[in-house]
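# Understanding the architecture of this molecule
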Amino acid sequence: MALQKIRERAAADPQHIILPEGEDSRTVQAAEMCVRDRVAKITILGSEEKVRALATETGANLNGIDILDHRKAHEFKRMAELYHQLRRAKGVTLEEAEQAVKDPLYYGNLLVREGKADGSVAGATNTTAHTVAAALRCIGVRQGFKIVSSFFLMVVPDRKFGESGAMIYADCGVVIDPDVSELAEIAIASAESCRALLNAEPRVAMLSFSTKGSATHKLIDKVVEATKTVRVRMPDLAIDGELQADAALVPSVGDSKAPGSPVAGKANVLIFPDLNAGNIAYKLTERLTGGTAIGPILQGLDKPCNDLSRGCKAEDIVDAVAITAVQSQARKRS
């Protein structure tokens, strides 16, 4: 249901999304589905001959889809020069820049950086590390942020949790052991992601194994300090911590353990203290509730780019495109 709503919102204001892995049959099928359902305007990168052969093989209709063989594009040299300018301070030579831009993920993300597209989706044939590196190097982090993090959109059958069963879990996929300022950034980015994807005001719970001083430890101190940092940076945000998971989600427990909290018992954004906790929590939630985990979805980039699982289906790519489109809509509004 949450995904269907996101697709509908994407279709209401179609964005231009790049699919750089055009020489994969799932990408070609997903491109057709996106255009057919008006989820987004699509450009796929790859050899036109190979893309058309895949379309014939899978029965995909390429009408309305732009195919760009980036290695033969008249803008290739300019894109290589742009990448060289971006990375020259890191010691990248022009020859190395030309080599990098042959990679469709790099070329696609440079198109996004330039405003020639609104976002990109990759990862069907590339690792998460490579997908994130291409986004970081070509798009970069957004102003006021120092890191890129990720979240999962969790949808559980019991609609009394979060926003009718939908919640943001972060970070469950990228930042392994965030320090105080990084944890604060993850919370701020996740609050914005909640507004963008759930179309709801965020209620952010900073999770720990203690609620309001019920235990003392340096691990708890990190969560408390991160909460204070967020309050300074975003004084109007509904955020509280440290909270245990039950205090964050169950009204009776929240009332008992954290009376007067603006978040306890009704959180829709859960911020985990590290990747151990976040990754374990989202997998347990998914398996034990029969729920759906959508992600990891990247946040903190200057413009949206999202990663796929290499085991994804064409439908998963369409969902990632819809999410990227809605992130782009929100970014333009802000």
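Preceding this paragraph is the structure being described.
Below is a summary of the structure that appears in this document.

## Some details on the side chain of Gln-327
Turning to its location among the elements, Gln-327 is positioned in helix 13 (residues 314-333). Residue Gln-327 is classed as buried on the basis of its relative accessible area of 12%. Residues contacting Gln-327, with those up to four places away along its chain left out, are Phe-151, Ile-297, Leu-298, Pro-304 and Asn-306.

## As for the nonpolar core
If you look at the biggest cluster of nonpolar residues, it comprises 63 residues, and the most contacted ones within it are Ile-42, Ile-44, Val-204, Met-206, Ile-271 and Val-321. In terms of residues, this core owes the most to one element, helix 8 (residues 180-198), which gives ten residues. Apart from residues lying up to four places away in sequence, Val-321 is in contact with Ile-17, Leu-19, Cys-34, Val-39, Ala-40, Ile-42 and Val-121. Core analysis: the next-biggest nonpolar cluster, separate from the first, contains 29 residues, Ala-122, Ala-134, Ile-139 and Leu-298 among them.

## A word on the layout of surface pockets
Here the largest pocket defines a volume of roughly 510 Å³. Taken together, 24 residues form the lining of the largest pocket, with Ala-293, Ile-294, Gly-295, Pro-296 and Ser-309 sitting closest to its centre. Elements that contribute at least two residues to the lining of the largest pocket include exactly helix 12 (275-289), strand 10 (292-299), strand 11 (305-307) and helix 13. With six residues, strand 10 is the largest single contributor of residues to the lining of the largest pocket. Considered class by class, the residues forming the lining of the largest pocket number eleven nonpolar, six polar and seven charged.

## What about the pattern of salt bridges?
Taken as a whole and judged by the stated rule, the model has 23 salt bridges. A salt bridge links Lys-222 to Asp-177, with the shortest nitrogen-to-oxygen separation between them at 3.3 Å. Of this pair, Lys-222 sits in helix 9 (residues 218-233) while Asp-177 is found in the loop between strand 6 (166-170) and helix 8, placing the two residues 45 residues apart along the sequence. Of the residues examined, Lys-222 reaches a relative accessible area of 14% and is grouped as buried. For Asp-177, a relative accessible area of 55% corresponds to the exposed category. Put simply, Lys-313 and Asp-316 hold a salt bridge, and the shortest N to O gap is 3.9 Å.

Rules used throughout
- Residues numbered from 1 in each chain as written.
- Predicted model: local features only at pLDDT ≥ 70, side-chain atom pairs only at ≥ 80, totals over all residues.
- Heavy atoms only, no water.
- Helix = DSSP H or I, 4+ residues; strand = E, 2+ residues; numbered from the N terminus.
- Buried < 20%, exposed > 50% of the residue type's maximum accessible area, 1.4 Å probe, protein only.
- Contact = heavy atoms within 4.5 Å.
- Core = buried A, V, L, I, M, F, W, Y, C linked by side-chain atoms within 4.5 Å.
- 1 Å grid on protein atoms, 1.4 Å probe; cavity = no way out; pocket = protein on both sides within 12 Å on 5 of 7 lines; lining within 4 Å.
- Points joined across faces, edges and corners; volume = space filled by probe spheres on them.
- Nonpolar A, V, L, I, M, F, W, Y, C, P; charged D, E, K, R; others polar.
- Salt bridge = Lys/Arg side-chain N within 4 Å of Asp/Glu carboxyl O.

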